[in-house]
Amino acid sequence: MLSFTRGQLSAICALLGLSLAACSPQKPPAQAADTYSKPSATASQKPNKTIAISAIVAHPSLDAIRQGILDELAAEGYIKGQNLTVNFQSAQGNTATAGQISKQFVADKPDAIVAISTPTAQSLAAASKEIPIVYTAVSDPVAAKLITQQNTPTQPNITGLSSQLPLAPQLDFMQKIMPSAKSIGYVFSAGEMNSVALRDKLSIALPKRGMNLVDIPANRPTDIAMATNSLGGKAQLIYTSMDNNVASAFESMVQSANALKLPIIASDEFSVRRGATAALGVNDYDFGRTTGKMVGKILDGTPVTQVKPEVMNQLTLYVSPKHAQAQGLTLNPELLKGAINVDTTPERKIDK
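Residues numbered from 1 in each chain as written. Predicted model: local features only at pLDDT ≥ 70, side-chain atom pairs only at ≥ 80, totals over all residues. Heavy atoms only, no water.

Peer 1: How do you make sense of the overall build of the protein chain when you look at a structure like this?
Peer 2: Helix and strand counts for the protein chain stand at 14 helices and 13 strands. A buried classification covers 56% of the 352 residues belonging to the protein chain. A fraction of 73% describes how many contacts in the protein chain between residues 6 or more apart in sequence connect residues 24 or more apart. Only carbon and sulfur atoms are counted for the fraction: they give 52% of the accessible area of the protein chain, which is about 14900 Å². (Helix = DSSP H or I, 4+ residues; strand = E, 2+ residues; numbered from the N terminus. Buried < 20%, exposed > 50% of the residue type's maximum accessible area, 1.4 Å probe, protein only. Contact = heavy atoms within 4.5 Å. Areas by Shrake-Rupley, 256 points an atom, 1.4 Å probe, with all protein chains shown as cover.)

Peer 1: Hey, could you run me through the pattern of salt bridges in this one?
Peer 2: Side chains bearing opposite charge may pair, as long as their charged atoms lie close to each other. Using the criterion set out here, one finds 12 salt bridges in the structure. The residue Glu72 makes a salt bridge to Arg289 at a minimum N-O spacing of 2.9 Å. In this pair, Glu72 sits in helix α3 (residues 60-75) while Arg289 sits in helix α12 (residues 284-299), placing the two residues 217 residues apart along the sequence. (Salt bridge = Lys/Arg side-chain N within 4 Å of Asp/Glu carboxyl O.)

Peer 1: Whenever I open this one, the sheet that holds strand β3 (residues 112-116) confuses me. Can you help?
Peer 2: In sheet architecture, strand pairing relies on hydrogen bonds along the backbone and comes in two forms, parallel and antiparallel. Taking strand neighbours across the sheet as the criterion, the 6 strands line up as β2-β1-β3-β4-β5-β11 in an open arrangement whose pairing is parallel. The open sheet has two free edges, formed respectively by β2 (84-90) and β11 (310-311), since each of these has just one partner strand. Across 5 bridges, strand β1 (residues 49-55) lies against β3 in parallel orientation. Note that in β3 the partner of Ser54 across the bridge is Ala115. Along the sheet, helix α4 (residues 95-108) makes contact with β1, β2 and β3, crossing β2 at roughly 165 degrees. Contacting β1, β2, β3, β4 (133-138), β5 (158-162) and β11, α12 crosses the sheet at an angle of about 160 degrees to β5. (Pairing = 2+ DSSP bridges. Axes fitted to C-alpha atoms, helices over the stretch in contact; angles between N-to-C directions.)

Peer 1: Help me understand the pairing of strand β7 (residues 212-217), please; the structure alone is not making it clear to me.
Peer 2: On any regular strand, side chains alternate: one points to one face of the sheet, the next to the other face. Bridge count for strand β6 (residues 183-188) against β7 is 6 bridges, and the pairing is parallel. Its bridge partner lying in β7, Gly185 is registered against Val214. Handedness of the β-α-β unit built from β6, helix α7 (residues 193-205) and β7 comes out right-handed. (Right-handed = clockwise from strand over helix to strand, strands pointing away.)

As far as function goes, none of this settles anything; it's purely spatial.
Here it is in structure tokens:
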């Protein structure tokens, strides 16, 4: 896995017209995935623990986060199949199923529950006020009513890691990659608070830049292709960020975008690997490793009230010249020098 030096990051920021601070993480950057330290304790030195993990749907980004969590716990001495029992359940995109999973998890009484995605975190929060819940892959925990504006959990058994990506660098990047774009297409799930909150922010921010938003709701994975097709002739660029409904049917969005010659800009590595032109966002695996540290503290006996909610804002630039060409766009060669080119960089293997 590649990582940026400060000099490389500065060069990218200069290309995008940003200050270094705008591209820098608010917290110390997560350690590179291939340089994490060896386990500090063996499984025999740690007590037996049980965790439950749930995600609203299974897709590569969320799978990478889950892998990072388990790898970090193993590094801290909690090894799956030895002293760590892991119960993973996907709601397969169904909120009713998410509710059923939440009730079952509460009945099982694990030592901690990890909620991957906003709908899952909301469902689990409603189901338990006692079992420690660690949310992750939640882009706006305030809008999801998991924490307050003061970063205080709304109930004492909740903490977690959010990816509140700054919107300005995303918009700067879109304008650099396609200066002629005046309308931005946004396909979103009306049932996901994080996606609705982003839609509202885009509707305010884009007009200030002389652009307008074309927002199309799609409540089911089967609606994604039709929603994307409706952007034809209305938008010059598609933006998507951490919408699980879209991610679960991303290939259908790509197929439509390719036919329409509409470049897709995302905010995660795997969307680029699956067909997007580029993404400026967090590294999902590293995001999972950081989440795993929080879970590890709780398993070690730290009260959840002493594990404060955190934000991870380290930005990584991913590009695919091949996908860009399929969507009618040629990427600036200067941009490629500082980015991770997924066409030539192998994908991390994720255990299913």
